[in-house]
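Residue strings, one per chain:
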Amino acid sequence: GAVVSQHPSRVICKSGTSVKIECRSLDFQATTMFWYRQFPKQSLMLMATSNEGSKATYEQGVEKDKFLINHASLTLSTLTVTSAHPEDSSFYICSARDLGTDFTLNTEAFFGQGTRLTVV
Amino acid sequence: AQKVTQAQTEISVVEKEDVTLDCVYETRDTTYYLFWYKQPPSGELVFLIRRNSFDEQNEISGRYSWNFQKSTSSFNFTITASQVVDSAVYFCALSEARSGGSYIPTFGRGTSLIVHP
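Residues numbered from 1 in each chain as written. Chains lettered and ligands numbered in written order. Predicted model: local features only at pLDDT ≥ 70, side-chain atom pairs only at ≥ 80, totals over all residues. Heavy atoms only, no water.

### Points about the confidence of the model for chain B
As a reminder, the rule being used: Confidence of the predictor at the level of single residues is given by pLDDT, which spans 0 to 100. A run of H or I in DSSP counts as a helix once it spans at least four residues, and a run of E counts as a strand once it spans at least two, with each numbered from the N terminus.
Confidence in the prediction of chain B, expressed as mean pLDDT, is 91, and 95% of residues score 70 or more. At the level of individual helices and strands, chain B shows its lowest average pLDDT in strand β11 (residues 103-107) of chain B, which scores 83, and its highest in strand β3 (residues 19-21) of chain B, which scores 98.

### Some remarks on the sheet that holds strand β3 (residues 19-25) of chain A
All names here are of chain A. Put simply, the rule reads: A pair of strands counts as paired when DSSP detects no fewer than two bridges linking them. For helices, the fitted axis covers only the stretch in contact; all axes are lines through C-alpha atoms, and the angles between them, taken along N-to-C directions, range from 0 to 180 degrees.
Ordered in space as β1-β3-β8-β7, the 4 strands form an open sheet in which the pairing is antiparallel. In the strand order of this sheet, the two ends are held by β1 (4-7) and β7 (67-73), each with one partner. Sheet twist, expressed as the average angle between the axes of neighbouring strands with direction ignored, equals 15°. Note: β3 against strand β8 (residues 76-81), 6 bridges, orientation antiparallel. Among the inter-strand pairings, K20 is bridged to a residue of β8, identified as T80.

### Concerning the environment of Y37 of chain B
Residue and element names in this part refer to chain B. The line we're drawing: Partly exposed describes any residue whose relative accessible area lies between the buried limit of under 20% and the exposed limit of over 50%, with all areas from a 1.4 Å probe on protein chains only and scaled to the type maximum.
Tracing the backbone through its elements, the reader meets Y37 in strand β5 (residues 32-39). Look at Y37 and you get buried, because its relative accessible area is 1%. Taking the C-alpha atoms as reference points, Y37 and V89, 52 residues apart in sequence, are found 8.4 Å from one another.

### Thoughts on the state of the cysteines
Inclusion rule: Only a pair of cysteine sulfur atoms within 2.5 Å counts as a disulfide in this structure description.
Using the criterion set out here, one finds 2 disulfides over all chains in the structure. At a sulfur-sulfur separation of 2.0 Å, the disulfide partner of C23 of chain A is C94 of chain A. Judged by the torsion about the S-S bond (80°), the C23 of chain A/C94 of chain A disulfide is right-handed. Of this pair, C23 of chain A sits in strand β3 while C94 of chain A is found in strand β9 (residues 90-96), placing the two residues 71 residues apart along the sequence. Of the two residues, C23 of chain A and C94 of chain A, neither departs from the other in class, the shared state being buried. Here C23 of chain B engages in a disulfide with C92 of chain B; their sulfurs sit 1.9 Å apart.

### A word on the interface of chain B and chain A
What counts, and what does not: We call two residues contacting when some pair of their heavy atoms lies within 4.5 Å. Joining two parts hides part of their accessible area as seen by a 1.4 Å probe, and the buried area is that hidden amount summed over both. Any carboxyl oxygen of Asp or Glu that lies within 4 Å of a side-chain nitrogen of Lys or Arg is treated as forming a salt bridge with it. Two N or O atoms form a polar contact when they lie within 3.5 Å of each other; inside protein one atom must be a possible hydrogen donor and the other a possible acceptor, and for residues adjacent in sequence the pair counts only when both atoms belong to side chains. Following the grouping adopted for this structure description, the nonpolar residues are Ala, Val, Leu, Ile, Met, Phe, Trp, Tyr, Cys and Pro, the charged ones are Asp, Glu, Lys and Arg, and the polar ones are all others, Gly among them.
Taken together, the contact pairs 19 residues of chain B with 19 residues of chain A. Both faces considered, chain B and chain A share a buried interface measuring about 1,600 Å² in area, 53% of it formed by carbon and sulfur atoms. In this assembly, chain B and chain A are joined by 0 salt bridges. Summed over the shared surface of chain B and chain A, the result is 5 residue pairs in polar contact (both at pLDDT 80 or more). Those elements giving two or more residues to the side of chain B that touches chain A turn out to be β5, β6 (46-52), β10 (88-97) and β11 of chain B. Partitioned by chemical class, the residues of the side of chain B that touches chain A number 10 nonpolar, 5 polar and 4 charged.

### Topic: the side chain of S43 of chain A
Examined against the element boundaries, S43 of chain A turns out to sit in the loop between β4 (32-38) and β5 (44-51). A polar contact is formed between the side chain of S43 of chain A and the backbone oxygen of F107 of chain B, at a distance of 3.4 Å. Among the polar contacts listed, one links the side chain of S43 of chain A to the backbone oxygen of G108 of chain B, at a separation of 2.4 Å.

### Considerations on the layout of surface pockets
Keep this limit in mind: In this analysis a 1.4 Å probe is tested at points of a 1 Å grid over the protein atoms alone, and where it fits but cannot get out there is a cavity; an open set with protein on both sides within 12 Å along at least five of seven lines is a pocket; lining residues have an atom within 4 Å of a point. Grid points are joined across faces, edges and corners, and a volume is the space filled by probe spheres set on the points.
Computed from the structure, the largest pocket encloses a volume of approximately 650 Å³. If you trace the largest pocket, you find 26 residues lining it, with Q38, P40 and K41 of chain A together with Q39 and V89 of chain B closest to the centre. Among the secondary structure elements, those contributing two or more residues to the lining of the largest pocket are β10 and β12 (111-116) of chain B. If one sorts the elements of the lining of the largest pocket by residue count, β10 of chain B sits on top with 3 residues. Its residues assigned to classes, the lining of the largest pocket comprises 8 nonpolar, 13 polar and 5 charged.

### Some words on the packing of aromatic side chains
Aromatic rings considered in pairs are described by the distance between their centres and by the relative angle of their planes. Note the following rule: Pairing of aromatic side chains requires ring centres within 6.5 Å, counting the rings of Phe and Tyr and the six-membered ring of Trp. Pairs whose planes differ by under 30 degrees are stacked, by over 60 edge-to-face, and all others tilted.
Across all of its chains, the model carries 18 aromatic pairs over all chains by this definition. Judged by centre distance (5.5 Å) and plane angle (90°), the ring pair of Y36 of chain A and F107 of chain B falls under edge-to-face. Of this pair, Y36 of chain A sits in strand β4 while F107 of chain B sits in strand β11, which puts the two residues in different chains. A relative accessible area of 7% places F107 of chain B in the buried class.

Dropping the structure here:
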């Protein structure tokens, strides 16, 4: 199956600093990537949809200035948590969909390994 | 209201037992997709199955089987002869068309399956 690589897998940062998380599709092109946040023993909550070459679409309640998303190429999207605070500590997961040539095909989304962010 | 309900928060079984994970969904769309994902302790999500709303055939893949019933809006997942390696959190997800035509999955809360040796 398609591979999505997320880096880093774990990061600990000081309060007030910024952290960048990368999401790469390794063997396919992804015009759209998704960023989720997962609290302990909770479901995955969609934060934003990252579109290559355009601005990300954020879900209601997600601060776009806090969570900066950049989808610079067809294989890379980044999520930057700016001025991180302890309440931003969470598990962040990206996913990407290989649309191929049929843009109506709703294929499964492939997920990265996730990033455990701890803000101290 | 939740679009995907996984009523079982945690299930504990002994190895070799069969176990069924329930998933009930809610949608007004006629075209939608249902998924099951597995999340082991390491955290990554592993795709298990995708089913579209027009295909109600049940599916079997090794020890895994899925029962899709539109009449009850359910998409249940059964593991036969469970093994310790099946211990994980299992998520059911529903994908509906959004404005613009894209489909984005909405996840249930997950069911934590613990298989004891």
